[in-house]
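Chains, contacts and geometry: an overview
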Amino acid sequence: DAASLTLSGGGHLARADRFHGTFSDADVSIEIDRGTLRATYDGRLANVDPAVPFADARLQASLTGSGKIAATVRELLTSQATTLNDYDISGTLALASSNVRELQIDGATVEASLRDSTLTVIRLDLDGPAVAGNASGTVSFSDPYTSDVDYHVTRADLSQLRTWTGQDATGTLSARGRLTGPSTALHAVGDFNASQINAYNTTALTLTGQYDVTTPSSDFSRVMARVNSQSTFLTIFGQSVREASGTVTLEGEHVSFDLRFAPAEGRNDSLVGDVVVRAARREVELRTLTLTLGRAP
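Below: a short report on this structure. (Residues numbered from 1 in each chain as written. Predicted model: local features only at pLDDT ≥ 70, side-chain atom pairs only at ≥ 80, totals over all residues. Heavy atoms only, no water.)

Some thoughts on the overall build of the protein chain
Condition: Note on conventions: DSSP H or I runs of at least 4 residues are helices, E runs of at least 2 residues are strands, and numbering of each starts at the N terminus. Throughout, the radius of gyration refers to the C-alpha atoms, and the reference size of a globule is 2.2 Å times the residue count to the power 0.38. Only protein chains enter the accessibility calculation, which uses a 1.4 Å probe; a residue whose area is less than 20% of its type maximum is buried, one above 50% is exposed, and one in between is partly exposed. Note on contacts: a residue pair is in contact if any heavy atoms of the two residues lie within 4.5 Å. All accessible areas in this document rest on Shrake-Rupley with a 1.4 Å probe, and a residue is counted as covered only by the protein chains that are shown. Neither His nor the chain ends contribute to the count of charged residues, in which Lys and Arg are positive and Asp and Glu negative. Charged side chains are reduced to one point each, which is NZ for Lys, CZ for Arg, CG for Asp and CD for Glu.
Across its full length, the protein chain carries two helices and 19 strands. Relative to the globule expectation of 19 Å for 297 residues, the C-alpha radius of gyration of the protein chain, 25 Å, shows a markedly less compact shape. By principal-axis analysis of the C-alpha atoms, the protein chain measures approximately 85 × 30 × 30 Å. Counting all 297 residues of the protein chain, 31% fall into the buried class. The long-range fraction of contacts in the protein chain, counting pairs at least 24 apart against all pairs at least 6 apart in sequence, stands at 37%. Approximately 17300 Å² of the protein chain is accessible, and the part contributed by carbon and sulfur atoms is 54%. If the 25 positive side-chain charges of the protein chain are averaged to one point and the 35 negative ones to another, these points end up 5 Å apart.

Encoded structure:
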């Protein structure tokens, strides 16, 4: 029976169709003892979806490339249902054209391990039409899942990220920061640089600043954020502005702002106020607003 079965072996795998994809040209080993599986794999893969073996939709992807992986699945043959906590996996992946949750990747290198439902990324480098960058850190898939990740987005094309952001924007963004906390209150803090931005009837040649954002991953209406930024050569609703700087604070539906504008050399204007944006009711409540043109408020 499964509890007393022992098996050990290995060899060269020509081809196997598993997990919505294909494994091929690989050196493999396998050992089964008291229902627990231990295996190694060193070869190629194409269109493999990790969400299938882990039974976790959050891992949905289509991975193509090569990998060297060692895995242990505890009580695989004796338990009625295995969970992510039963998997110990470590290894490296070199990916070619792949897709991770609708994000296209042209190439990526990953060195990581999964143990006790915690993913530890030692090194991640990726490049694609929408985003390029690197990251390292840990993600625990407990409920709620928690993160502690350092990231550096070297390039993000806003026009390619519309399916993720839901915003019709163009421009190039880079950012560096850290993501921590549980999924009920993810906290991201860092700095950013952007160029050739076009969004919300506003264009900007350059945009730099710092951000501090806290949000539940499942309810963006409860976002808390503070952004300090500086920009040059803006056009806002058709009006040219040479320089601008200021702070915008978002807490749920409440938005407050303190902005400074320099439409021309030697002139400084400002816009200070706070509003409540009720998106579900398509309503904006203006609480306070002070517009200062030169010295005239």
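Remarks on the side chain of Ser98
Within the secondary structure, Ser98 is located in strand β6 (residues 98–100). Assessed through its relative accessible area of 3%, Ser98 is described here as buried. Contact partners of Ser98, with chain neighbours within four places excluded, come to Ser62, Leu63, Thr64, Leu103, Gln104 and Ile105.

A word on the pairing of strand β13 (residues 186–199)
What counts here: We call two strands paired when DSSP finds no fewer than two bridges between them.
Here strand β12 (residues 170–182) pairs with β13 via 10 bridges, running antiparallel. Note on β13: the bridge partner recorded for Arg176 is Asp191. Counting the residues in the hairpin turn of β12 and β13 gives three residues. Across 13 bridges, the pairing between β13 and strand β14 (residues 202–215) is antiparallel. Along β14, the bridge assignment pairs Asn193 with Thr208. Linkage of β13 to β14, two consecutive antiparallel strands, is achieved through a turn of two residues, within which Tyr200 is found at a positive phi near 55°.

Observations concerning the packing of aromatic side chains
Just so we agree on the cut-off: In summary, the pairing rule links any two rings of Phe, Tyr or Trp, Trp by its six-membered ring, whose centres are within 6.5 Å, and it sorts them by plane angle into stacked for under 30 degrees, edge-to-face for over 60 and tilted for everything else.
Taken as a whole, this structure holds three aromatic pairs when the rule is applied. Judged by centre distance (6.1 Å) and plane angle (85°), the ring pair of Phe19 and Phe23 falls under edge-to-face. Overall, the relative accessible area of 25% leaves Phe19 in the partly exposed class. Ring geometry for Phe23 versus Tyr41: centroids 5.3 Å apart, planes at 75°, classification edge-to-face. Taken together, the positions of Phe23 in strand β2 (residues 21–33) and Tyr41 in strand β3 (residues 36–48) put the pair 18 residues apart, joining distant regions of the chain. For the residue pair Phe23 and Tyr41, the accessibility class agrees, reading buried in each case. An aromatic cluster of three or more residues is present, and its members are Phe19, Phe23 and Tyr41.

A closer look at the side chain of Thr36
The line we're drawing: Think of a polar contact as two N or O atoms within 3.5 Å of one another; within protein, one of them needs to be a possible hydrogen donor and the other a possible acceptor, and neighboring residues in sequence only count if both atoms come from side chains.
For Thr36, the location among the structural elements is in strand β3. Accessibility expressed as a relative area gives 11% for Thr36, which makes it buried. Of the polar contacts made by the side chain of Thr36, one reaches the backbone nitrogen of Glu75; its length is 3.0 Å. Residues contacting Thr36, with those up to four places away along its chain left out, are Glu31, Thr72, Val73, Arg74, Glu75 and Leu76.

Some details on the pairing of strand β19 (residues 283–293)
Direction of pairing for strand β18 (residues 269–278) relative to β19: antiparallel, over a ladder of 10 bridges. Bridged to Val277 within β19 is Val284.

Side note on the environment of Leu289
Along the chain, Leu289 turns up in strand β19. Accessibility expressed as a relative area gives 45% for Leu289, which makes it partly exposed. Distance in space between the C-alpha atoms of Leu289 and Val276 is 12 Å, their sequence separation being 13 residues. Every residue in contact with Leu289, bar those within four places of it in the chain, is listed here: Phe257, Leu271, Val272 and Gly273.

A closer look at the pattern of salt bridges
Filter applied, for reference: Salt bridges, as used here, are contacts in which a Lys or Arg side-chain nitrogen is within 4 Å of a carboxyl oxygen on Asp or Glu.
This structure, assessed with the given rule, holds 16 salt bridges. The partner of Arg162 in a salt bridge is Asp168, and the shortest N-O contact between them spans 3.1 Å. The salt bridge partner of Asp258 is Arg260, with a shortest N-O separation of 2.5 Å. Here the residues in one salt-bridge network are Arg278, Arg281, Glu283, Glu285 and Arg287, joined through shared partners.

As for the nonpolar core
When a protein is soluble and globular, its nonpolar side chains tend to lie buried together. Which entries qualify depends on this criterion: Among the buried residues, those of types Ala, Val, Leu, Ile, Met, Phe, Trp, Tyr and Cys that are joined through side-chain atoms within 4.5 Å form a nonpolar core.
One finds Phe23, Leu45, Leu63, Leu93 and Leu95 to be the most contacted residues of the largest nonpolar core, which totals 14 residues. Counting only elements with at least two residues in this core, the list comes to β2, β3, β4 (61–73), β5 (87–95) and β8 (107–115). Setting aside its immediate chain neighbours within four residues, Leu45 contacts Thr22, Phe23, Leu63, Thr64, Gly65, Ser66, Gly67 and Leu93. Counting residues in each nonpolar core, the second largest holds 10 residues, with Leu158, Ala204, Leu234 and Val241 among its members.

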